[in-house]
Each structure stands twice: as C-alpha cells, then as structure tokens.
Amino acid sequence: MRPARLLHSTAIRMALTYAVLSTVSVFLAGATASQLLKWQLFNHRDHDIHNVYTALENSYGHGGATNLVNTLHAYIQETLGHNWLFIAIGPGGQVLGGNVHALSLAITPGWSSVDGAQLGLTGGRRYRVYSGIVRNKVRLVVGMKFQQLGYLGRLVQTSFEWAFVVAVLLAVVGGSLIAHRMQRRFDAVRETMDRVSRGELAARVPLSGRNDDIEQLSGDLNSALDRLAASVETMQQVSADIAHDLKTPLSRLKMTIAEALDKQERSQPVAAELESAAAEVDQVNRTFNALLRIAQIEAGARKTAFKPVDISALLTMMDEVYREVARDAGQSFSVALPATAKADIMGDRELLMQMLSNLIENSIRYCPAGSSIHCSATAHDDTVRVTVADNGPGIPENEHERVLRRFYRLEKSRTSGGTGLGLSLVKAVADLHDAELRLDSAHPGLMVSAIFARRRRPVAT
Amino acid sequence: MHLLLIEDDKKTSSHVAQGFQEKGHVCDVVEDGKAGLEEAVHGSYDVIIVDRMLPTLDGLSLVKALRAANSIVPVIYLTAIDGIDDRVAGLEAGADDYLTKPFAFSELAARVKALTRRHAAPAKVTTLQVADLEMDLVKRSVKRAGRNIVLQTREFLLLEVLMRAAGQVLTRNMLLEQVWDIHFDPKTSIVETHISRLRAKIDKPFGEPLLHTVRSCGYTLRAPG
C-alpha cells in the first residue's frame, strides 16, 4: 500500500488512533504514579525531619542545652553528616553545635527550602529545613538534602519507562495487525464492488462467518446486489420480451400503412386500413403497459404500501363486476365467501383486484358458453386460499409451469388476441405477496389458487 | 373555457390545442416546466393540463409548487407510462386526474369537462334528477315516471355517476375508475355489460331513452330534446 492510501485507510487511522491513545494513557498513568510517589516520599521526609527535631527538642528537657548538643552530635555521628544538616544556636547568637557553621537569617521559623550556599555549604544542593526555638533559648534547625527520588522512585520510573516502550510496541504491532485484518476485509468489499461496477453482477462479497458488523454490512451489500441483479435481469428480460412480441404487430402495422398509402394513390377509401392500424397500435400499447406493469410489480416497490385487504370484500366486488359479464358470455359465475369472519391479508388491493380480474377474464375468454366459473376464498389458521376455477378446456398439466412465463400462449390460443401476459402478471402479483400460486386440473377445467399468509388481527381490547 | 397546456411535444400540443379550439375553447401552450408554472400561477385558467416529463421542471414538482402557491385550479396529468406508483404520486402531489399516453382527444376532452363540473358542482345534494328519472341519495332509491326501479349496489353507483355528470360524456375508463375503482385495462366488456343491464332497467320499459352511447368515446345520460 502506498503511504497516501495508508493514511486514507479507516483501519490504519483507527490503529494509529489506538496506538496514540494507549501510549498517552500509559504515559499519563506513569506520570501520575511517579508524582504520587514523589509526594508520598516528600511527606515521609518531612515527617522524618520533624521526628528528629522533636527528639532533639525533648532531649533538652533533662540536661539543658548541653544535652541537646550531645544528642545533636550523636545524630551527626549516626548519619555521618550525609544528607542531614543540624545547627543549634544559643540565645547570644553563638553556635552551640551542628555540622554547618553559618546560618542565614533568611531561614524563617517553620518549614522552608534553602540553598546550600546560604548555609555556607558547597555543591549547590537545596535543603528542606525545619527551624524552631527550643524553650525560648536555643534556635534549632534540622534539614535534609533534596534528593532525586530514591531507589524506589527510580524503580517505579524505570518500570513505567519499560511499560511505556512495551505499550507503544504493542499498540503499533497490535494496531497494524488489526488494521491489516480489517483492511483485508474492506479490500474484499471494495474489490467486489469494483467487479460489480465493471459489469460482473454475479460478484458477491465473501463472507468470513464471523458475526460482526463488517459481516452484517457485507450481508446487506450482498442482498442489495441480489436485488440489483434481479432487477437488471428483469430489465433484460423485458427488453427481450418487447423485441420478441412487439416486432410482429409493428411490422403488421407497417404493412397496413403501406397498403393504405397504396390505396390512397389509387384514390380508394382507406378508412378500413386506418381503423386496423389504430387497433394494432392499441394492441402494442396494451402489451407495453402490461409489460411495464409486470416489471414494476416484480421490482417490489409496491410492497412498502401494503395495507390490510379484506378478501371477502374483494370477491364480492368481483362478483358485482363479472357475474353479468359472464352471463352475457353464456357462462355462470358464482362466488363462495369464507365461512368464518373476515379473512384479511396484507397486500395491495389494486394489484390483487387486477390479479383476480385476470384469472376471471381468462376463464371467461377461454371457456365456451355453458361453462361455469367459480371463485372462492377459504380461511385457514395461518393462510387464506383464493381460488378461481372453471370447467372449460383447462391447460394440459405439462404446460402448467410454462404458462406463467411472459408471452407464453398455448398454441391454440395464439390467435385469440390476448397479450400473453395475463398469467405472468398473476404470478408477479402472487410473488410480490409471497403467495404460493398453484395451477391444478379441475377435471375438467382449470383451477388456479393463490395461498396467502393470513393477517393476524390484533386482539380486541 | 380557458385552458393551459404545458407540454413539450409539439405534435401532441398542437393536436390537443387544435381539438379544444375547434370546440370553442382557448388553449394556451407552454413548452417548459418553469415557464408553465409561472403562467399557471399568474394566469387565470379553468383547467391546466400538465405533461409529466418536462424540460426545466418536471410535472410532479410543477403541481406541488402550484399547490404550494395556494392555487386550486384543477390539474390533469398526462403520463407516458401507466405506472401505478406514478399515478398515486401524481394525485398525491395535488393533481385532480391523470391520463395515460397515448390517449384519444375525446378522452381528454371528457375528463377536462368533468373536472370543471366537479369544481363547480354544489357540495351536497340529496337528490338527482334527469328528465323524469329521479334518484334519492339518502333513501338509495330510483324512480322513473314515478315507478320504482330496483338497482343493485354497483348499478346504483353507475347511475349516480352518470346522473351527476348529466349531459356530458363519460368515457369507458372514467366509468371503470369511478364505479369499480379499476385502474387497468380489462379484457372483457365490463362497462358495456353493465350499461346494457342498466339500460334494460331505466330505459327499455319507458320508451324514451336517456342513456346514450357516444361512438368510440363513451356514454352520456341526458334529458331528451
């Protein structure tokens, strides 16, 4: 990967952020801990100084200033003069004892910090001192050198330094490992999308089997791609279908117009040709509309507008629309409504109406006079079955699958003027509703059933 | 009537404008969406006919903008494809009717007429009358020459739609939409069948027919003479 791309990678950025954050937090933890330690040590030292001062002060009680000076020298002996400073000054200003010989007046009673120079010491060190007046007579100063943190402090510091180094290493190594793995998965997604945009619609993001968000994203992308591929396929199918079924009427139309032009030249009336041309155009338009409608249904956009549909009401409507139409064709038409209360399904009323219309109109068109057409709906626990059956010529069982395809017409009905799209629209509507569409022989005749999921009514309160 | 046609296809617009002019109406034509909206907002028109696909501003946005400007002038859409969602979207945007291309001029003329009537009609009526045919919308009863006529639910609705539009032509598609809520092209003669049933009940026994077929266009119910 090139550096520019590296910085634009979310994974690398996340890893870097992670590294910086963990480094900063280790550093802060170290700093806080050593500060706390320092504070503790300083407290401890002040405590020590004060203890010594109190001991010296108490030693005065028994044998006067001499006793104090003796104790003081004992302390100096014990500490070998290292780090500690002591000085006792009599009421007259004379030095009674101690390991420094000059005392700057700047040293105020109580706690203070002074330079070694003020005490006549070389080395430029600073001292922490406690100064007080014992029994209103002797001025006593006890002090201790400011030191670097002691051994413990250094240990803590060192361990934090190491921890810091380890943390940085871990952050960098772990971060880049994580980044690398994420990058690989992102790259897989990118590569897939690249292939898709280059026209390879079958490409899918490989799934790793882990149940995480990238996996979910990949799954979502894949199902979006599935839908995309399906609608592209539909589009291609539609174009092929249009080419297939519109060319014939268009060429007939052209011939009719040529004929009319011919007649026109010979000053013959052309009304018949014009009428037949208009009819041809109507047919082309009907086919177009049917195709577009099927494509639109198959695209599934209508699903978002699904509402409860009362199947009984729909069948009653069909009864009102078609009973007389069938009677005019010499057929009988009957409807049986579900015995139970309302059978609702979730769906698109307009499309369901068109679906039933197509089935009923097919029966009316293809059945001879004297046939009967029967529509029924039966409600089961989880399903509603809607059936349109007739006792007409039916469809041979081996053709049942094929009649649902676009433009498929039984040879004998080729000339009957339909678009050949009626049953494919029925299929498309059934699919949109996730309904099972079944064609059965009614011995004689055809029985088409659509089995919908029954809508659960909310329990009345 | 003063009509505004917003349509970019010159052939369609000249065909439509000429048709209306022959019927004695004034029809202004605008070819792009923005100019059309301007004209629609500032002119005073009885009906506006809008193509769905227009340059500079599409028909859907045009109608939305028109309604946003508090205009209540009836609008009819011309749509190139008979998409179900297109129709719903068009009506939701504030159009009053729609017509799918290709269309017959007679269909457009009938729908435009119906729109002006719908807008002028009194809000609430309880009885309708055409010659000696009476309909009581409250009692749901129909009488002709004082004799009761029994109609089925859908027949009653069909007659109601025809009587409300008495004197004007209702096309087959208008009846399918208004009476049966059918927005697709049925392959059987639904309208013809029901009209002939209705005729048998309201016209046949009475001699003078009120319900007339308008050739290659639709039906009309009108008083004789």
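Residues numbered from 1 in each chain as written. Chains lettered and ligands numbered in written order. Predicted model: local features only at pLDDT ≥ 70, side-chain atom pairs only at ≥ 80, totals over all residues.

Asker: Would you take a moment to explain unusual backbone geometry for this structure?
Answerer: Trans is the prevailing form of peptide bonds, just as negative phi is the prevailing case for residues other than glycine. A cis amide bond, omega -5°, links His-443 of chain A with the succeeding residue Pro-444 of chain A. Along the chain, Pro-444 of chain A falls in the loop between strand 11 (436-441) and strand 12 (446-453). Between Lys-101 of chain B and Pro-102 of chain B the backbone carries a cis peptide bond, its omega angle lying at -5°. Look at Asp-434 of chain A: it is not a glycine, yet its phi comes out positive at around 55°. (Helix = DSSP H or I, 4+ residues; strand = E, 2+ residues; numbered from the N terminus.)

Asker: Sorry, what's going on with the nonpolar core here?
Answerer: Counting 109 residues, the largest nonpolar core has Met-318 and Val-429 of chain A together with Ile-76 of chain B as its most contacted members. When we break this core down by domain, the ones giving at least three residues each are domain 1 (2-120) and domain 2 (127-221) of chain B. Discounting residues that sit within four places of it in the chain, Met-318 of chain A has contacts with Val-335, Leu-356, Ile-360 and Cys-375 of chain A. Counting 22 residues, the second-largest nonpolar core is a separate cluster that includes Leu-56, Ile-87, Ile-107 and Leu-119 of chain A. (Core = buried A, V, L, I, M, F, W, Y, C linked by C-beta atoms within 7 Å. Buried ≥ 20, exposed ≤ 12 C-beta atoms within 10 Å, placed from the backbone. Domains from an automatic or database assignment. Contact = placed C-beta atoms within 7 Å.)

Asker: Quick question: what am I supposed to make of the sheet that holds strand 7 (residues 133-136) of chain B here?
Answerer: Note: strands within a sheet are paired through backbone hydrogen bonds, in either parallel or antiparallel orientation. Residues and elements named next belong to chain B. Pairing is antiparallel in the open sheet, where four strands are placed in the order 6-7-8-9. With one partner strand each, in any of the chains shown, strand 6 (127-130) and strand 9 (147-149) form the two edges of the open sheet. Geometrically, the sheet is characterised by an average inter-axis angle of 25° between neighbouring strands, direction not taken into account. Bridge count for strand 6 against strand 7 is four bridges, and the pairing is antiparallel. When the bridges of strand 7 are listed, Gln-129 appears paired with Glu-134. (Pairing = 2+ DSSP bridges. Axes fitted to C-alpha atoms, helices over the stretch in contact; angles between N-to-C directions.)

Asker: Would you take a moment to explain the interface of chain B and chain A for this structure?
Answerer: Accessible area lost during the coming together of the parts is what is often quoted as the interface size. Facing the 21 residues of chain B at the interface are 21 residues of chain A. Those elements that place two or more of their residues in the side of chain B that touches chain A are helix 4 (84-92), helix 6 (153-164) and helix 8 (190-202) of chain B. Per element, the largest residue contribution to the side of chain B that touches chain A is four residues, and it comes from helix 8 of chain B.

Asker: Any chance you could explain the packing of helix 7 (residues 349-366) of chain A against helix 8 (residues 422-432) of chain A here in plain terms?
Answerer: Two quantities define a packed helix pair, namely the angle between the axes and the distance from one axis to the other. Residues and elements named next belong to chain A. Where helix 7 meets helix 8, the axes come as close as 9 Å, and the angle between the chain directions of the two elements is 145°. Crossing of helix 7 against helix 8: the hand is left-handed. For the pair helix 7 and helix 8, contact is made by Leu-351, Leu-352, Gln-354, Met-355, Asn-358, Leu-359 and Asn-362 and by Gly-422, Leu-425, Val-426, Val-429 and Leu-432, respectively. Taken together, the residues of the contact of helix 7 with helix 8 sort by class into eight nonpolar, four polar and no charged. (Left-handed = near helix turned anticlockwise from the far one by under 90°. Nonpolar A, V, L, I, M, F, W, Y, C, P; charged D, E, K, R; others polar.)

Asker: Looking at this model, I keep getting lost on the environment of Asp-51 of chain B. Mind explaining?
Answerer: Residues and elements named next belong to chain B. Relative to the elements of secondary structure, Asp-51 occurs in strand 3 (residues 47-51). Under the C-beta neighbour-count criterion, Asp-51 is labelled buried, with 23 such atoms within 10 Å. Once the C-alpha coordinates of Asp-51 and Lys-101 are considered, the two residues, 50 residues apart in sequence, prove to be 9.6 Å apart. Filtering out sequence-adjacent residues up to four positions away, Asp-51 remains in contact with Ile-6, Glu-7, Asp-8, Gly-59 and Leu-78.

Asker: Sorry, what's going on with the pairing of strand 5 (residues 97-100) of chain B here?
Answerer: Regular strands place side chains that alternate from one sheet face to the opposite one. All names here are of chain B. In strand 5, alternate side chains face the same way, and those of Asp-97 and Leu-99 on one face and Tyr-98 and Thr-100 on the other are all buried. Across four bridges, the pairing between strand 4 (residues 75-79) and strand 5 is parallel. Among the inter-strand pairings, Tyr-77 is bridged to a residue of strand 5, identified as Tyr-98.

Asker: How should the confidence of the model for chain A be read in this particular structure?
Answerer: Low pLDDT marks stretches whose predicted atomic positions should not be read closely. When the pLDDT values of chain A are averaged, the result is 82; 89% of them are 70 or greater. Low confidence marks residues 410-417 of chain A, where pLDDT is under 50. Its contacts with residues over four positions away, or in another chain, come to six contacts. (pLDDT = per-residue confidence, 0-100.)

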